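Coordinates in review
Residue-level listing of the chains:
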Amino acid sequence: IGKGIALEMAHAGSDVCINYYSASPADDAAAEDVARQVREIGRRAIIYAADVSDRAALEGMFDEAEAQLGPVDVLVTNAITSTRSNILETRADDFEKTLKIGIFGVFHALQIFSRRLIARGQAATGAKGAAVHICSPHTKGPFKESLDYNVAKAGAHHLEPHPLLSGGGGDA
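Cut-offs used in this document
The residue numbers shown here count from 1 along each chain, following its written sequence. The predicted origin of the model limits local features to residues at a pLDDT of at least 70 and limits the giving and counting of side-chain atom pairs to 80 or more, whereas totals for whole chains, interfaces and linings rest on all residues. Values shown for side chains rest on all heavy atoms present in the structure; no hydrogens or waters enter the calculation. An axis is simply a line fitted to the C-alpha atoms; with a helix, the fit covers only the stretch in contact. Between two such axes, the angle follows the N-to-C directions and lies from 0 to 180 degrees. Secondary structure elements are defined from DSSP: runs of H or I of at least 4 residues count as helices, runs of E of at least 2 residues count as strands, and each element is numbered from the N terminus. Each angle receives one of four descriptions, namely roughly parallel if under 35 degrees, roughly antiparallel if over 145, roughly perpendicular if within 65 to 115, and oblique otherwise. By definition, turning the near helix anticlockwise from the far helix through less than a right angle yields a left-handed crossing, and turning it clockwise yields a right-handed one. By the convention used here, residues are in contact when the closest approach between their heavy atoms is within 4.5 Å. Residues are called lining when one of their atoms sits within 4 Å of a cavity or pocket point, these points coming from a 1 Å grid over the protein atoms alone, where a cavity is a set in which a 1.4 Å probe fits but cannot get out and a pocket is an open set with protein on both sides within 12 Å along at least five of seven lines. Grid points are joined across faces, edges and corners, and a volume is the space filled by probe spheres set on the points. Any residue outside Ala, Val, Leu, Ile, Met, Phe, Trp, Tyr, Cys, Pro, Asp, Glu, Lys and Arg is labelled polar, Gly included; the first ten of those are nonpolar and the last four are charged. Classification of ring pairs uses Phe, Tyr and Trp, with its six-membered ring standing for Trp, and accepts pairs whose centres are within 6.5 Å; under 30 degrees between planes counts as stacked, over 60 as edge-to-face, and the remaining range as tilted. Whether a charge sits over a ring depends on NZ of Lys or CZ of Arg being within 6 Å of the ring centre and within 35 degrees of the ring normal. Here, strands pair whenever DSSP counts at least two bridges between them. A clockwise course of the path from the first strand over the helix to the second, judged with the strands pointing away from the viewer, identifies a crossover as right-handed.

Between helix 3 (residues 55-69) and helix 4 (residues 92-119), the shortest axis-to-axis distance is 10 Å and the interhelical angle comes to 40 degrees. In terms of orientation, helix 3 lies oblique with respect to helix 4. For the pair helix 3 and helix 4, the sense of crossing is right-handed. Residues Arg 55, Leu 58, Glu 59, Phe 62, Asp 63 and Glu 66 of helix 3 touch helix 4, and the partners they reach there are Gly 105, Phe 107, His 108, Ala 109, Gln 111, Ile 112, Phe 113, Arg 115 and Arg 116.

Once that is clear, we can look at the layout of surface pockets. Here the idea is plain: a probe the size of a water molecule rolls over the atoms and shows the empty space left. In this structure, the largest pocket occupies an estimated 1300 Å³ of space. Surrounding the largest pocket, 47 residues form its lining, Cys 17, Ile 18, Asn 19, Tyr 20 and Val 76 being those nearest its centre. Mapped by element, the contributors of at least two residues to the lining of the largest pocket are helix 1 (2-11), strand 1 (16-19), helix 2 (25-41), helix 3, strand 3 (74-77), helix 4 and helix 5 (147-157). Classifying every residue of the lining of the largest pocket gives 32 nonpolar, eight polar and seven charged.

Below, the discussion takes up the packing of aromatic side chains. Under the counting rule described, the total for this entry stands at zero aromatic pairs. Stacked on the ring of Tyr 149, the Lys or Arg Arg 84 has its end atom at 5.5 Å from the ring centre.

It is a general feature of regular strands that their side chains alternate between the two faces of the sheet. Bridge count for strand 1 against strand 2 (residues 45-48) is four bridges, and the pairing is parallel. Bridge pairing links Val 16 to Ala 45 in strand 2. For the crossover from strand 1 across helix 2 to strand 2, the handedness is right-handed.

Have a look at this one:
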């Protein structure tokens, strides 16, 4: 999904910061391959390995993206993990990890993005930013044996209609 998002954003004319979780050299190579494909489209691309559940890491990613690509005016959140188990078998550590990535990661990214947009005075110039969260139909109809995934996607879904992000607050 992330690769498709990055390539479509490039085709639409955006430079792209590709954030990914690095668990192995193969992850690094895959992210670099997506960046290469973005560059072949004619757009600039950087890769950044930030754990989205770590707010400081996300701040660093935004800093690097802005230093290399300019102001971030479009944000797409997509990260998730899942253990694929039911309420009886789900370990608390796994459940917490999924919520940290799937809810707190979205919260951190949206808040950092929104605050930077406002700090730049982008709202005052009439320009708008766009925040897109890739959700799931399982926010309403749970996916079998995926308790952590279902709860995380449903929680992140409820961050979406925030007035600041939807334009109802007039601030972004």
